[in-house]
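Understanding the architecture of this molecule
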Amino acid sequence: MSKTSAPKAQPIAPYLGGKRNLAKRICRIIDDNDHEIYAEPFVGMGGIFLRRKSKPRAEIINDAGRDVYNLFRILQEHYVAFLDLLRFQITTQENFNRLVGTNPETLTDLQRAARFLYLQRITFGGKISGRNFGLSPDRPARFNLTTLEPDLEALHSRLAGVTVTCLNYDEFITRIDRVGAFFYLDPPYFGCENDYGKALFERADFERLAAQLAQIKGRFLMSINDVPEIRATFSAFEISQVQTSYSVAKNAASRGARAELLISNFKL
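Residues numbered from 1 in each chain as written. Predicted model: local features only at pLDDT ≥ 70, side-chain atom pairs only at ≥ 80, totals over all residues. Heavy atoms only, no water.

Re the overall build of the protein chain
We apply this condition: Numbering of helices and strands runs from the N terminus, with a helix taken as a DSSP run of H or I at least four residues long and a strand as a DSSP run of E at least two residues long. Only the C-alpha atoms count toward the radius of gyration. The rule for a globule is 2.2 Å times the residue count to the power 0.38. Think of it in three bands: with a 1.4 Å probe and only protein chains considered, a residue is buried below 20% of the maximum accessible area for its type, exposed above 50%, and partly exposed in between. Should any heavy atoms of two residues lie within 4.5 Å, those residues are considered in contact. Methods summary: accessible areas were calculated by the Shrake-Rupley approach with a probe of 1.4 Å, and residue burial reflects only the protein chains presented.
Within the protein chain one finds nine helices and nine strands. Since a compact globule built from 268 residues should have a radius of gyration of about 18 Å, the 18 Å found for the protein chain is in line with a globular shape. For the protein chain, the C-alpha atoms occupy an extent of roughly 50 × 45 × 35 Å along the three principal directions. Put simply, the protein chain has 268 residues, and 50% of those count as buried. Residue pairs in contact within the protein chain that sit at least 24 positions apart in sequence constitute 70% of those at least 6 positions apart. When the accessible surface of the protein chain is summed, it comes to about 13200 Å², and 49% of that surface belongs to carbon and sulfur atoms.

Okay, here's the thing in structure tokens:
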């Protein structure tokens with residue numbers, strides 16, 4: 001299968017579980033596997049999607065989180081208007097708290113995308129729920145359009161030709177799956193199912209996901225935290241342990257160097 005190089009772009013905001021520490025290893029595995037379709041059911045801020053070097057014939061990214069989907073769609077379709085809306089935003093705790101307390105359902109799609117980007121740029125650790133104002137005395141303000149605009153422009157260009165959807169993971173996989181498809185999956189960690197929003201992913205979904213992946217025609221690679229329940233649920237697949245570090249966790253004991261699993265339906 002022919003390969004072309006993907007235009008360079010990077011995530012425009014931190015996101016919980018962004019896989020920065022494992023990105024090179026994961027992207028190398030993906031780029032070394034020939035595929036005609038690249039698909040992500042849980043794209044988040046695109047930490048892996050944007051760091052890949054190869055660009056197959058079709059790229060499809062998905063997130064059941066409405067804010068994630070809306071931000072990518074606005075960057076694709078309304079880039080200039082989006083920049084105009086962001087132009088006079090500055091980093092203040094008062095504005096951060098105001099936007100945290102704003103119901104996104106009351107906003108236009110442009111306003112909703114601006115709110116989400118602003119909060120993700122400023123919040124500590126890229127958290128989606130339970131956001132806290134990130135204050136760093138040793139760095140510039142976290143939201144600065146002067147430095148952010150080149151990254152927004154690069155992402156706008158990178159999204160050309162990319163299909164963006166907002167589906168449940170199971171429907172997305174069913175619709176995309178075929179020979180030549182490659183799925184990269186980054187679901188919520190076991191024990192952290194509600195960190196991305198309630199009802200988006202439940203504990204029982206791990207069993208459902210394993211059953212679905214056992215039936216697909218394409219290839220998949222999944223990264224997930226290393227706990228006995230995950231090893232048991234996905235025992236039918238190839239499992240490789242890797243080391244990473246967590247900067248955000250529910251307790252101090254969970255931070256620092258930790259083991260993570262790479263799970264696939266092919267030899268790593």
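Let's talk about the nonpolar core
Selection criterion: Take the buried residues of types Ala, Val, Leu, Ile, Met, Phe, Trp, Tyr and Cys, join any two whose side-chain atoms come within 4.5 Å, and each joined set is a nonpolar core.
Counting 52 residues, the largest nonpolar core has Leu-71, Leu-75, Phe-82, Leu-117 and Leu-152 as the members making the most contacts within it. Sorting the residues of this core by element identifies helix 1 (23-31), helix 2 (66-77), helix 3 (79-86), helix 4 (93-100), helix 5 (109-122), helix 6 (145-158) and strand 6 (181-185) as the ones contributing at least two each. Ranked by residues supplied to this core, first place goes to helix 5 with seven residues. In this structure, Leu-117 is in contact with Ile-12, Ala-13, Leu-71, Phe-82, Leu-86, Phe-143, Leu-148 and Leu-152, ignoring residues within four places of it in sequence. Counting 31 residues, the second-largest nonpolar core is a separate cluster that includes Ile-60, Ala-181, Tyr-189 and Leu-209.

So, the packing of aromatic side chains
Note the cut-off: In this scheme Phe, Tyr and Trp rings, the latter by its six-membered ring, pair at centre separations within 6.5 Å, and the angle between planes marks the pair as stacked below 30 degrees, edge-to-face above 60, and tilted otherwise. Whether a charge sits over a ring comes down to the Lys NZ or Arg CZ being within 6 Å of the ring centre and within 35 degrees of the ring normal.
Here the structure, examined in full by the defined rule, presents twelve aromatic pairs. For the ring pair Phe-42 and Phe-201, a centre distance of 5.8 Å and an interplane angle of 75 degrees mean the geometry is edge-to-face. Of this pair, Phe-42 sits in the loop between strand 2 (37-40) and strand 3 (54-55) while Phe-201 sits in the loop between strand 6 and helix 8 (205-213), placing them 159 residues apart in sequence. Accessibility classification places Phe-42 together with Phe-201 in one group, the buried group. Members of the aromatic cluster, connected to one another through ring pairs, are Phe-42, Tyr-169, Phe-190, Phe-201 and Phe-206. The side chain of Arg-203 reaches across the aromatic face of Phe-190, ending 4.2 Å from its centre.

A closer look at the environment of Thr-233
Rules: Counted as a polar contact is a pair of N or O atoms within 3.5 Å, where, for protein atoms, one must be capable of donating a hydrogen and the other of accepting one, and residues adjacent in sequence contribute only when both atoms are in side chains.
In this structure, Thr-233 sits in helix 9 (residues 228-233). Along the primary structure Thr-233 and Glu-207 are separated by 26 residues, whereas in three dimensions their C-alpha atoms are 6.2 Å apart. Leaving out residues up to four positions away in the same chain, Thr-233 has contacts with Phe-206, Glu-207 and Ala-210. At 2.8 Å, the side chain of Thr-233 and the backbone oxygen of Glu-229 are in polar contact.

Some words on the packing of helix 2 against helix 5
Stated precisely, the cut-off is as follows: For helices, the fitted line uses only the C-alpha atoms of the stretch in contact; every axis is such a line through C-alpha atoms, and the angle between N-to-C directions lies from 0 to 180 degrees. In these notes the angle categories are as follows: under 35 degrees is roughly parallel, over 145 is roughly antiparallel, 65 to 115 is roughly perpendicular, and the rest is oblique. Lys, Arg, Asp and Glu make up the charged group, whereas Ala, Val, Leu, Ile, Met, Phe, Trp, Tyr, Cys and Pro make up the nonpolar group; the residues left over, Gly among them, are polar.
Between helix 2 and helix 5, whose axes approach to 9 Å, the crossing angle comes to 110 degrees. Between helix 2 and helix 5, the angle is such that the two are roughly perpendicular. Between helix 2, through Arg-66, Asp-67, Val-68, Asn-70, Leu-71, Arg-73 and Ile-74, and helix 5, the contact on the second element is made entirely by Asp-109, Leu-110, Arg-112, Ala-113, Arg-115, Phe-116 and Leu-117. When the residues that make up the contact of helix 2 with helix 5 are grouped by side-chain class, the tally is seven nonpolar, one polar and six charged.

Focus on the pattern of salt bridges
Which entries qualify depends on this criterion: A pair is scored as a salt bridge if a Lys or Arg side-chain nitrogen falls within 4 Å of a carboxyl oxygen belonging to Asp or Glu.
Here the structure, examined in full by the defined rule, presents 15 salt bridges. For Arg-87, the salt bridge identified is with Asp-84, shortest N-O distance 3.8 Å. Of the charged contacts, one joins Glu-238 and Lys-267 as a salt bridge, the two residues approaching to 3.6 Å between their closest N and O atoms. With Glu-238 in strand 8 (residues 238-246) and Lys-267 in the segment after strand 9 (256-264), this pair connects stretches of sequence that are 29 residues apart. The class of Glu-238 is partly exposed, set by a relative accessible area of 30%. Through salt bridges with shared partners, a single ionic network connects Arg-52, Lys-55, Glu-59 and Arg-158.

Digging into the environment of Asp-226
On the secondary structure map, Asp-226 appears in the loop between strand 7 (219-225) and helix 9. Here Arg-231 takes part through its side chain, which lies 2.8 Å from a polar atom of the side chain of Asp-226. A polar atom in the side chain of Asp-226 sits 2.8 Å from the side chain of Gln-241.

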